[in-house]
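One letter stands for each residue in the lines below.
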Amino acid sequence: MESPVPTWLVPGGAGFIGGNFVLRAVARGVRVINLDALTYAGNLDTLASIQDNPLHVFVQGNIGDRGLVARLLAEHQPDAVVNFAAESHVDRSIDGPAAFIETNVVGTLGLLESVRDYWKSLEGGRRDAFRFLHVSTDEVYGSLGDTGKFTETTPYAPNSPYSASKAASDHLVRAFHHTY
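Residues numbered from 1 in each chain as written. Predicted model: local features only at pLDDT ≥ 70, side-chain atom pairs only at ≥ 80, totals over all residues. Heavy atoms only, no water.

## Some details on helix α2 (residues 66–76)
Keep this limit in mind: Partly exposed describes any residue whose relative accessible area lies between the buried limit of under 20% and the exposed limit of over 50%, with all areas from a 1.4 Å probe on protein chains only and scaled to the type maximum. By the criteria applied, helices consist of DSSP H or I runs no shorter than four residues and strands consist of E runs no shorter than two, each listed in order from the N terminus. This arc describes the spread of directions from the helix axis toward the C-beta atoms. We call two residues in contact whenever any of their non-hydrogen atoms come within 4.5 Å of each other.
Regarding α2, the residues found buried are Leu68, Val69, Leu72, Leu73 and His76. Summarising the axial view, the buried residues of α2 lie within an arc of 130°, below the 170-degree limit, and thus occupy one face. Contact partners of the buried residues in α2: β1 (7–11), β2 (31–36), β3 (56–60), β4 (80–83) and α4 (97–121). Backbone geometry just downstream of α2 places Gln77 in the positive-phi region, at approximately 50°.

Below is the structure:
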């Protein structure tokens, strides 16, 4: 049975950009299942104003936890997944690239596989209407210089472990969309 209220799974919904997205979505009447690992970038204070709002369900966890993601998808039956989850910050990636590969590449793969399996279980209009949106970074395009701008057609040229891991996750998302 379709829910009259749109429901979105939002990994990374306690980060700076994700948290503000969640606030706006809930304000517009969207039910948000907010999955966040609450690493250095997560901040529940951003979400304090919706802490008791029934449209906001916070779950602490990792996108790479396939069992958790599968359970959340089955239990809440979202209409969309909007993925903000990522290790970020160039300097942090230089000091410790493995965490970036683990979350941004391996974690994204786990999320994609769980969402693909959920999507395959949907029928008819729900399957056709389902969306997976993946948030990236301009860092995947490399260094801009003093002038110019990046566009969606700018070639990828990542220059740090962070940007390389985000580029890899972008390519995985594109490949899953094309393949499935």
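## Quick look at the pairing of β4
For the record, the criterion: At least two DSSP bridges between two strands are required for those strands to pair.
Neither face of β4 is exposed, since Ala80 and Val82 on one face and Val81 and Asn83 on the opposite face are all buried. As paired strands, β1 and β4 are joined by 2 bridges and run parallel to one another. By the bridge assignment, Trp8 is partnered in β4 with Ala80. The pairing of β4 with strand β5 (residues 131–134) spans 4 bridges and is classified as parallel. Its bridge partner lying in β5, Val82 is registered against Leu133.

## Side note on the pattern of salt bridges
What counts here: The working definition used for a salt bridge is a side-chain nitrogen of Lys or Arg within 4 Å of a carboxyl oxygen of Asp or Glu.
A full pass over the atoms with the stated rule returns 3 salt bridges. Residue Arg71 pairs with Glu75 through a salt bridge whose shortest N-O separation is 3.1 Å. Here the residue Arg71 and the residue Glu75 both occupy positions in helix α2, the gap between them amounting to 4 residues, near one helical turn. Here Arg71 falls in the partly exposed class, since its relative accessible area comes to 44%. Salt-bridge contacts for Asp117 lead to Arg116; the nearest nitrogen and oxygen are separated by 3.1 Å. On the basis of relative accessible area, Arg116 is assigned to the buried category, the value being 17%.

## Some thoughts on unusual backbone geometry
In most cases, non-glycine residues show a negative phi, while peptide bonds are predominantly trans. A positive phi angle, near 50°, is found at Gln77, a position not held by glycine. A positive phi angle, near 85°, is found at His89, a position not held by glycine. Looking at the element boundaries, His89 is found in the loop between β4 and α3 (90–95). The exposure class assigned to His89 is partly exposed, which follows from its relative accessible area of 43%.

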